[in-house]
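Here is how the chains run, residue by residue.
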Amino acid sequence: MSKKIILSGIQPSGQLSIGNYLGAIKNFVNYQDTYDTYYCIVDLHAITVRQNPVALKENSYALAAWYLAAGLNPEKCSIFIQSHVTEHAEMGWILSTFTQMGELERMTQFKDKANQHKQNINAGLFTYPALMAGDILLYGTDVVPTGHDQKQHIELTRDIAKRFNGIYGDILTVPEPFIPKVAARIKDLQNPLKKMSKSSDGAGTIFLNEPLKSIEKKIKRAVTDNEMNIAYDEKNQAGLANLMGIYAACENKQIEEVLPLFEGKGYGDLKKAVAEKVIEILEPMQNRYNELMNDKAELDNILKKGAEKARAKASPTLIKVKEAVGFIAPS
Ligand code: TRP
């Protein structure tokens, strides 16, 4: 039996946080043995918000380097830049004609981003989900691991695929979302009711390339509560729950397994343990990341192979889609 297919993407905008690592990239590493895996650096999506071109380039390399430093193996999975596989832009365009304005208007990510970037509510920001549907459907993707915030886009992708298949026959695979528990769990250290995000800078976010001393400080200053009793309560002791969530995710364990380690201890002990764990994981990753960032030729090489593998999978789907809608194949 052939392996099931996983595709996911991360935007190369801004510095990655430990939330991106624990909630997404760390799991990507686990899937690479059992699934046929495609991990995309979605630069076409990133430009729906204005990017500094020098920073966009650097962030795209950085994301590739973090994927690799985290343990993705380019022999097993495909790591590629979205704009290198031009099928994405073509598929996104075609699928935008199978996507209704009303559907796009309901997307909460669009509403949030339009609110944050009032001076640049561009058409690409609006049609973004059709491009994302293209990313997913080009690969015959079975499962899309993402954060909770992407669930609506994946539901829309499913609707688009079913609509297309309803007209032209069974051409596109209808994907399932997969939202790992930890992805939902990593919260801002200063505001533990909010997701830890790479776009919010400051004291609540641990960045992957942050100096280790500074990581330790941020964890020690994380918001807790006045209960003075270690328990797992996401509502009333959200800060503690978040710290335990980080610890558990680092250890690949469930909350129930780590809670007994801290019961009866002080908050300072928990913070110390979390800081040690995070640093133990990030230190070797940062070393590998720095090596890779100093060897762009090696990164270019890996990205080239990744794009070749990706194109081999994406191209036949696009050909079928073009054929279905009635385009003349180039002779
Ligand atoms: N929209 C996703 C985000 O903002 C990124 C993304 C683009 C993606 N294409 C994708 C995620 C395909 C999963 C699959 O995080």
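Before reading on, note that the structure itself is shown above.
Only a predicted model underlies this, so the values are computations on that prediction, with no experimental measurement involved.

Re the overall build of the protein chain
Okay, so step 1: Counting secondary structure elements, the protein chain contains 14 helices and five strands.
Okay, so step 2: By the compact-globule yardstick of 20 Å for 331 residues, the protein chain fits well, its C-alpha radius of gyration being 21 Å.
Okay, so step 3: Reported as C-alpha extents along the three principal axes, the dimensions of the protein chain are approximately 70 × 45 × 45 Å.
Okay, so step 4: Within the protein chain, buried positions represent 53% of all 331 residues.
Okay, so step 5: A fraction of 76% describes how many contacts in the protein chain between residues 6 or more apart in sequence connect residues 24 or more apart.

A few points about the environment of A275
Okay, so step 1: Structurally, A275 is set in helix 13 (residues 267–293).
Okay, so step 2: Judged by relative accessible area, which is 3%, A275 ranks as buried.
Okay, so step 3: Along the backbone, A275 and L56 are 219 residues apart, and their C-alpha atoms lie at a distance of 30 Å.
Okay, so step 4: Setting aside chain neighbours within four positions, we find A275 in contact with E216 and I219.

Some details on helix 10 (residues 212–220)
Note: α-helices contain 3.6 residues per turn, so residues at a spacing of three or four share the same orientation.
Okay, so step 1: The complete set of buried residues in helix 10 reads I215, K218 and I219. All buried residues of helix 10 project into a common sector of 95 degrees when viewed along the axis, lining one side.
Okay, so step 2: On the buried face of helix 10, the contacting elements are helix 11 (238–251) and helix 13.

What about the site of the ligand?
Okay, so step 1: Lining the immediate surroundings of the ligand are 14 residues, of which Q11, Y128, M132, D135 and Q150 lie closest.
Okay, so step 2: In this structure, Q11 approaches the ligand through a side-chain N or O atom, which is 3.2 Å from an oxygen atom.
Okay, so step 3: D135 has a polar side-chain atom sitting 2.7 Å from a nitrogen atom of the ligand.
Okay, so step 4: In isolation the ligand exposes 370 Å². Once the protein is present, 90% of that is buried.
Okay, so step 5: Of all the elements in the fold, those that place two or more residues in the shell around the ligand are strand 1 (5–10) and helix 7 (123–137).
Okay, so step 6: Looking at the shell around the ligand, the element that brings in the most residues is helix 7, giving four residues.
Okay, so step 7: Grouping the amino acids of the shell around the ligand by side-chain chemistry returns six nonpolar, seven polar and one charged.

Focus on the pairing of strand 3 (residues 78–81)
Okay, so step 1: Of the two faces of strand 3, the one carrying S78 and F80 and the one carrying I79 and I81 are both buried.
Okay, so step 2: Bridge analysis of strand 2 (residues 36–41) against strand 3 gives four bridges, and the strand direction is parallel. When the sheet's bridge partners are listed, Y39 is paired in strand 3 with I79.

Some thoughts on the state of the cysteines
Okay, so step 1: For the coordinates displayed, the defined rule picks out zero disulfides.
Okay, so step 2: Cysteine C40 is unpaired, with the sulfur of C77 as its nearest cysteine sulfur at 12 Å.

Some thoughts on the packing of aromatic side chains
Okay, so step 1: Applying the stated rule across the entire model yields 13 aromatic pairs.
Okay, so step 2: Between F98 and F164, the aromatic rings sit 5.1 Å apart at their centres with planes inclined by 65 degrees, giving edge-to-face as the arrangement. With F98 in the loop between helix 4 (87–96) and helix 5 (101–105) and F164 in helix 8 (residues 151–168), the pair connects residues that are 66 residues apart, well separated along the chain.
Okay, so step 3: Centroid distance Y247 to F262: 5.1 Å. Interplanar angle 90 degrees. Geometry classified as edge-to-face. Remark: F262 occurs in helix 12 (residues 255–262) and Y247 occurs in helix 11; sequence separation between them is 15 residues.
Okay, so step 4: Ring pairing ties together the aromatic residues F28, Y39 and Y67, which thus form one cluster.

Thresholds, definitions, all that
- Residues numbered from 1 in each chain as written.
- Predicted model: local features only at pLDDT ≥ 70, side-chain atom pairs only at ≥ 80, totals over all residues.
- Heavy atoms only, no water.
- Helix = DSSP H or I, 4+ residues; strand = E, 2+ residues; numbered from the N terminus.
- Rg over C-alpha atoms; globule rule 2.2 N^0.38 Å.
- Buried < 20%, exposed > 50% of the residue type's maximum accessible area, 1.4 Å probe, protein only.
- Contact = heavy atoms within 4.5 Å.
- Arc of directions from axis to C-beta.
- Near = heavy atom within 4 Å.
- Polar contact = N/O pair within 3.5 Å; in protein donor to acceptor, adjacent residues only side chain to side chain.
- Areas by Shrake-Rupley, 256 points an atom, 1.4 Å probe, with all protein chains shown as cover.
- Nonpolar A, V, L, I, M, F, W, Y, C, P; charged D, E, K, R; others polar.
- Pairing = 2+ DSSP bridges.
- Disulfide = S-S within 2.5 Å.
- Phe/Tyr/Trp six-rings, centres within 6.5 Å; stacked < 30°, edge-to-face > 60°.

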